[in-house]
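Structural overview for review
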Protein chains: 4
Amino acid sequence: MTPAPLSQRFRAVRERTLGLCAHATVEDQLVQPMPDASPTKWHLAHTTWFFETIVLRAPDPAFNFLFNSYYEAIGPRVERARRGMMSRPSLDEVIAYRRRIDERMSAALTAGAVDAALVELGIQHEQQHQELILTDLKYALGTQPVRPAYRDDLKQASGTAEGGWRSFDGGVVEIGADATGFAFDNERPRHRVFVEPFRIANRAITNGDVQQFIAAGGYGDASLWLSDGWATVTREQWTRPLYWDGEQHYTLAGMRLIDPDETACHLSYYEADAIARWRGARLPTEAEWELAASGDPTHGNFADDDILHPSRNGGPFGDVWEWTGSSYLAYPGFRPLGGAVGEYNGKFMSGQQVLRGGSCFTPRDHIRRSYRNFFPPAARWQMSGARLVEDGGLK
Amino acid sequence: MTPAPLSQRFRAVRERTLGLCAHATVEDQLVQPMPDASPTKWHLAHTTWFFETIVLRAPDPAFNFLFNSYYEAIGPRVERARRGMMSRPSLDEVIAYRRRIDERMSAALTAGAVDAALVELGIQHEQQHQELILTDLKYALGTQPVRPAYRDDLKQASGTAEGGWRSFDGGVVEIGADATGFAFDNERPRHRVFVEPFRIANRAITNGDVQQFIAAGGYGDASLWLSDGWATVTREQWTRPLYWDGEQHYTLAGMRLIDPDETACHLSYYEADAIARWRGARLPTEAEWELAASGDPTHGNFADDDILHPSRNGGPFGDVWEWTGSSYLAYPGFRPLGGAVGEYNGKFMSGQQVLRGGSCFTPRDHIRRSYRNFFPPAARWQMSGARLVEDGGLK
Amino acid sequence: MTPAPLSQRFRAVRERTLGLCAHATVEDQLVQPMPDASPTKWHLAHTTWFFETIVLRAPDPAFNFLFNSYYEAIGPRVERARRGMMSRPSLDEVIAYRRRIDERMSAALTAGAVDAALVELGIQHEQQHQELILTDLKYALGTQPVRPAYRDDLKQASGTAEGGWRSFDGGVVEIGADATGFAFDNERPRHRVFVEPFRIANRAITNGDVQQFIAAGGYGDASLWLSDGWATVTREQWTRPLYWDGEQHYTLAGMRLIDPDETACHLSYYEADAIARWRGARLPTEAEWELAASGDPTHGNFADDDILHPSRNGGPFGDVWEWTGSSYLAYPGFRPLGGAVGEYNGKFMSGQQVLRGGSCFTPRDHIRRSYRNFFPPAARWQMSGARLVEDGGLK
Amino acid sequence: MTPAPLSQRFRAVRERTLGLCAHATVEDQLVQPMPDASPTKWHLAHTTWFFETIVLRAPDPAFNFLFNSYYEAIGPRVERARRGMMSRPSLDEVIAYRRRIDERMSAALTAGAVDAALVELGIQHEQQHQELILTDLKYALGTQPVRPAYRDDLKQASGTAEGGWRSFDGGVVEIGADATGFAFDNERPRHRVFVEPFRIANRAITNGDVQQFIAAGGYGDASLWLSDGWATVTREQWTRPLYWDGEQHYTLAGMRLIDPDETACHLSYYEADAIARWRGARLPTEAEWELAASGDPTHGNFADDDILHPSRNGGPFGDVWEWTGSSYLAYPGFRPLGGAVGEYNGKFMSGQQVLRGGSCFTPRDHIRRSYRNFFPPAARWQMSGARLVEDGGLK
């Protein structure tokens, strides 16, 4: 399928962002219940700032300070933890700002007066923030003393996955994005990796698996946890995944019974790793995951499906981002983009783990087999889960 | 003048609170830029909760958790620092809650089915929160990267104070509220205190005094500061009062040139004490202050004057709360109120200093000569200043 | 009795300090288990530094940095919390430093080449640090996983106090030190205070009182505590006094059965205040305490008695420092000493409460009726207790 | 060369530990200037505890609590940051404890009543702590206000390295320890890795390189740093390596002129990575490092050489531990040891980077080509440096 022209895709992605916000109140869009969970209004403004600053290269100095996220090359910015304290500019003013920049972008796109690669990057960037809007809103609503639904009209998932394992012989394989089409700099270059034989589960860890882990005392057994993970469990008094409350858990449709057959979500790397160890298994490396997923189309339960919650499907794409056992590091031969966007990915290559496959919060056309998401190992507010792997061939 | 009937006063105070909020946006009313500065919406709800819980004694359990401030006897509550993260209930819902309780209160007042003393306490409590709404909104707006005015229609103050000192012989004097009329428990009983001769300045510290203190290197001279004050100056890098920025300072009318003849505001106790020491003077005790103010009517620049900023007047009432050198402790024979409202004042008698006289944020009919306000010595977001005193009689 | 000549008293106080250290190992004298509890070695050096810097006025620049406590006028210093990390200079070097300064002081005293008032201040200062050496060593030893005795040869106290109350009519009374004899600047000037009638307990709070408070659920009842106190109880999980462990408590003689008739020690102001409130009583003001003690000789159980633990006696002097309900503030007409020693007392007049009467850790000839000790209300590692007071005359 | 019998090696390693301590005072051996830098006395006791608990399996319960480091399976322990507050047991008692366990170990070794693999592990463990004793003592002495030398009789290094690069073709290579001889569990199994062509510097980063980096403004240029690294630089105000002070730096021989030709030490991963980025290079992966070192004998400047400071040599072994760009993760097929020693290595596989090659603080016979050391990226008190790598073949 021929992709739509850039200007059309630009307008579509911008419109979809506003659509996501239509379900939240003005107040919901302002709060920042923890430093990592930025306000919706901030996401609306920051994505606009990105086009204004990176693509149009004519930023308003005031907004530059207000809505720069982390670009040191571009200058100082509002402290991350204080984004939720900006009652001004108002949501209306931010939406007007969006409209203004959209018009300037449309004019520039029509005139061909923009760097198409940077527009593409801006579109991909906005899609990332679409996922973050859902993720951060879920946190904002789910940690209210009352726990309101985000939408009342969400769909139910259907279908069930088969269990079991698939085996791979390994050897020298290629992973990463080739030179064609859009990919982030961190997915390149495509390169060779040696992989030992392994088998990988047909489905991700389910809520039922987590329930068994809890019943077996997993959250109280130091021997199952990485040292840093155990320190986190102890300090933050984790006894179950985020959003779980007895038999129920918070979803964007409100509180719902926990379905043991659903793919488990909101697991930190520490939890995923501990569950794997308890099962006598481990998490896949990036290379194993990408090799295993090489035969699958990038189909699955994505944000476009209006479910916004993991299903019972087992496939590698959609539902939840899957933690890998690989730390987020540069591929051999990695070269960051030039200019300010060189800070986009490379400078975060420390202290984080790679996640793969996209989630039910990810726009469908945003995902790729080579896509590398990354978060610190204690992060649990992302739509994240995991899939087990064992050494060796057929079981 | 006969005071208005209780039901009329109840309605008036409740209406005035809403009037204060009319100048702020929905978003302004939600933010909490520091733990001490509660959101306007929270003030709206908490004052309502007070009537519902303390007067009507039939609290909604959910709201009880949401809007209890610090009453241990009444149960657990939302952590203070997280008040600004409550996007739900919405501002509209809080205003509807106000209307609901107002109706129940009106019915109960008409039926005579309430404890009048508790209604009076609720009215006084709401007036305190009216001052806090202005104080906290000033902080919320004044610490925005953009610094918007709260109102564009505020009035200008007029008049100028005379300088000089007034002398008092002291001796055994009486201070505190007598048994008639409303007063908080902490203002009673009226009791005798021995006061040495002293003289007190006719006007409070002015911006010009502060400018001279700055020019003399006061913020960098440890010898002028209490030890805890110097630690605060160093840790928080204080070099000038809160809201000062070069030649200007933030006011509820927006950024404005600093007028050297105006009474200085937003001084912490540490700053007031250091300026006094630099002048070779000191702050008055509560007894000195009350004795000195005994001949003055409680006239001055109050919130009702729609100036919302200190004037050039010098009197003890209005403009700024004046720090005293007295720690906030029980008067001899102090008895807290019974029941949950026993926590209203007494339990805070540790680590705070007394302030006197009311401010330009205080409702005029809320102030009394015996009124004891109290804040920790580092607090500077309050509308606070000070007045100097010297030992001995005529100068 | 004529006091001994200054040079003789200087030598005696210096020798006694070394005697206190003889019971501790080199390692005991180095550790600093919390920032407030300075190492013995540091006390040994700092008291010497005081004579070198303040009296001889010829400080070694290196030692000036190492052993200055808090004199801003004298310059920067080792951060308080890092005193216990100074393995160098060694204890031997510090003792040699003491000998060196002692010789210079002796020569200067003989030659009459010193300011006698400053020598006196240095002697009093060293006595204060003698108490701190015992206090801080008790903390260092008592918080070891093993809890060794400081001395095995300590004496047992004898005697028992009568209970009951003494009444005072109050009126205008004088408190504070008059102009004769040594007193700290903060004890002066002697001045008039108005005191209402009150009665004061013949004995301080006992361990038995504390046991009853615990049994009554006092540590779990918010209504008995100041707000800051309750926050401390909750945050630090206080359920009993410091050093209590079941039926026993740690003393400088090692773990010992808690004697219900002994005066209770290591109470914070918050605990003393809560126990008083639970008893329907309160703590005395400074003026009440000093008035009530005016007929008592300054006899009691002091450090010279080699008991180093409270007795069953009830008198106002010795055993424990008694918290008063008075905040530590300047007396009317207070003038700090000139020069660097102006920082000795005045700059701490914020956030602390006054304690009176001296303790079993205090040198007997160090105490005075007008003596004002002061600590923050959460401090419990001091040898501190309290005495109850009630309003009104005869019971 | 046939290795010495186990019992002889046991005695030798135990004796050498005491020898390292002979140069430090009792007080030096107690202090813990930061949580990571344990006291020498604690190292002396903990290594003994290891033999008592893991090998002899008959721990003294009291010592078990005192000197357990991080073994959750073995039970609770003294909080890491409070190790330096244990004045008891005294150093003498700890040395007596060592003698006691040494005798029991000797008897057990003679009787053949021990698991030889665990004795070997205990010996290797003690060697690791020998390096930590030097590392932590350097920190304890080098952060004293006075900065004493550890030894006055240390030797000077000689020789100079050649510059330039060596190229490697890469391909599928094997790394890790094979099944023969002692190796830690984390070095196994030996396995295949695909390596792209690269060239590696003949010598590690020198002080001269660091000086040029400083001169070029490297510590102030965000674009050179990982995001976490830049946050650390900013928060901790790094402007040069640890121990540098103008033209000099602290060494175990005292303050010494910085020699630009010496291998730079005490670099954190963040600093090594930033210097590499500034040079247009990067750090080697573990596989690259091990491949490049495969032709070198494990010769170099080790602790046995009594220099205890990096030389001008360039080889991969000795001088400094070299940071790699590889995160510390499990090798494919990794299996931790069984029992409590399963916690030795595996549970730390999160948030750390691998270092290779040993240092001038490492015992010579402790190092192996496959040896994997690991520390968090901000650690700079270790004897750590780095070596640069570039992509591609011959330059």
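For the structure, check the block above.
Now for a look at the structure at hand. The model shown is predicted, which means the values in this text are computed figures rather than measured ones. For every chain, the first residue of the written sequence is number 1, and numbering continues from 1 along that sequence. To label them, take the chains in the order written and letter them from A, then take the ligands in the order written and number them from 1. Local features in this predicted model are restricted to residues whose pLDDT is 70 or higher, and side-chain atom pairs enter the listing and the counts only when it is 80 or higher, whereas totals over whole chains, interfaces and linings include all residues. Neither water nor hydrogens contribute to the side-chain values; these are computed over all heavy atoms in the structure.

1. Some thoughts on the sheet that holds strand β7 (residues 254–257) of chain B
All names here are of chain B. Strand pairing is assigned whenever DSSP identifies at least 2 bridges connecting the two strands. Numbered from the N terminus, helices here are DSSP runs of H or I no shorter than four residues, and strands are runs of E no shorter than two. Spatially, the three strands line up as an open sheet ordered β5-β6-β7, and their pairing is antiparallel. Edge positions in the sheet fall to β5 (244–245) and β7, since each of these pairs with one other strand and no more. Where strand β6 (residues 248–251) and β7 come together, four bridges link them in antiparallel fashion. Considered in β7, the bridge of Thr251 is made with Gly254.

2. Here we look at the relation of the copies chain D and chain A
Each copy is superposed on the other by least squares, with the fit set by C-alpha atoms of residues at a pLDDT of at least 70 in both. Here chain D sits on chain A after a turn of 180 degrees about the axis and a move of 0.0 Å along it, with an RMSD of 0.0 Å. Here the copies are linked by what is in effect a two-fold axis. Mapped onto chain A, 100% of the interface residues of chain D again fall at the interface, so both copies present the same surface. It only takes one pair of heavy atoms within 4.5 Å for two residues to be counted as in contact.

3. Brief notes about the interface of chain B and chain A
Across the boundary between the two partners, chain B contributes 27 residues, which contact 26 residues of chain A. Across the chain B to chain A interface the summed buried area is about 2,100 Å²; carbon plus sulfur atoms make up 56%. For this document, the term salt bridge refers to a Lys or Arg side-chain nitrogen within 4 Å of an Asp or Glu carboxyl oxygen. For the interface between chain B and chain A, the tally reads four salt bridges. A salt bridge links B:Lys41 to A:Glu27; its shortest N-O distance comes to 2.5 Å. The term polar contact refers here to a pair of N or O atoms within 3.5 Å; inside protein, the definition further demands a hydrogen-donor-capable atom paired with an acceptor-capable atom, and it admits residues adjacent in sequence only when both atoms are side-chain atoms. Where chain B packs against chain A, one counts 16 residue pairs in polar contact (both at pLDDT 80 or more). Lys, Arg, Asp and Glu make up the charged group, whereas Ala, Val, Leu, Ile, Met, Phe, Trp, Tyr, Cys and Pro make up the nonpolar group; the residues left over, Gly among them, are polar. Its residues assigned to classes, the side of chain B that touches chain A comprises 16 nonpolar, six polar and five charged. Computed with a 1.4 Å rolling probe, the buried area is the accessible surface lost when two parts are put together, summed over both parts.

4. What about the packing of helix α2 (residues 40–55) of chain A against helix α5 (residues 116–142) of chain A?
Residues and elements named next belong to chain A. Whenever a helix is involved, its axis is fitted only over the stretch in contact; in every case the axis is a line through C-alpha atoms, and angles between N-to-C directions fall within 0 to 180 degrees. Following both chains from N to C, one finds α2 and α5 inclined at 170 degrees, their axes separated by 9 Å at the closest point. Classed by the angle they form, the pair α2 and α5 counts as roughly antiparallel. Side by side, α2 and α5 meet where Thr40, Trp42, His43, His46, Thr47, Phe50, Phe51, Ile54 and Val55 of the first sit next to Leu118, Val119, Leu121, Gly122, Ile123, His125, Glu126, His129, Leu132, Ile133, Asp136 and Leu137 of the second. Class assignment of the residues belonging to the contact of α2 with α5 gives a composition of 12 nonpolar, seven polar and two charged. The cut-offs work like this: below 35 degrees is roughly parallel, past 145 is roughly antiparallel, 65 to 115 is roughly perpendicular, and the gaps in between are oblique.

5. Quick notes on the interface of chain D and chain A
The partner chain A presents 28 residues to the 28 residues of chain D that form the contact. Buried area between chain D and chain A, summed over both chains or domains, comes out near 2,200 Å², and the portion from carbon and sulfur atoms is 53%. By the criterion of area lost to chain A, the three top residues of chain D are D:Arg192, D:Phe194 and D:Ser350, representing 23% of everything that side buries. Linking chain D to chain A there are four salt bridges. One salt bridge connects D:Glu196 with A:Arg192, and the closest N-O pair in it is separated by 3.3 Å. On the surface where chain D and chain A come into contact, there are eight residue pairs in polar contact (both at pLDDT 80 or more).

6. Overview of helix α1 (residues 6–21) of chain D
All names here are of chain D. Expected helix span is computed as 1.5 Å times (number of residues minus one). Its 16 residues give α1 an end-to-end C-alpha distance of 23 Å, which sits within 8% of 22 Å, the value for a rise of 1.5 Å per residue. Within the span of α1, buried status applies to Phe10, Val13, Arg14, Thr17, Leu18, Leu20 and Cys21. Seen from one end, α1 has its buried residues packed into an arc of 160 degrees, which puts them on one side. Residues of α1 that are buried make contact with α2 (40–55), α4 (91–110) and α5 (116–142). Exposure classes here rest on a 1.4 Å probe applied to the protein chains alone. A residue is buried below 20% of its type maximum, exposed above 50%, and partly exposed in between. In this context, the arc is that of the directions from the helix axis out to the C-beta atoms.

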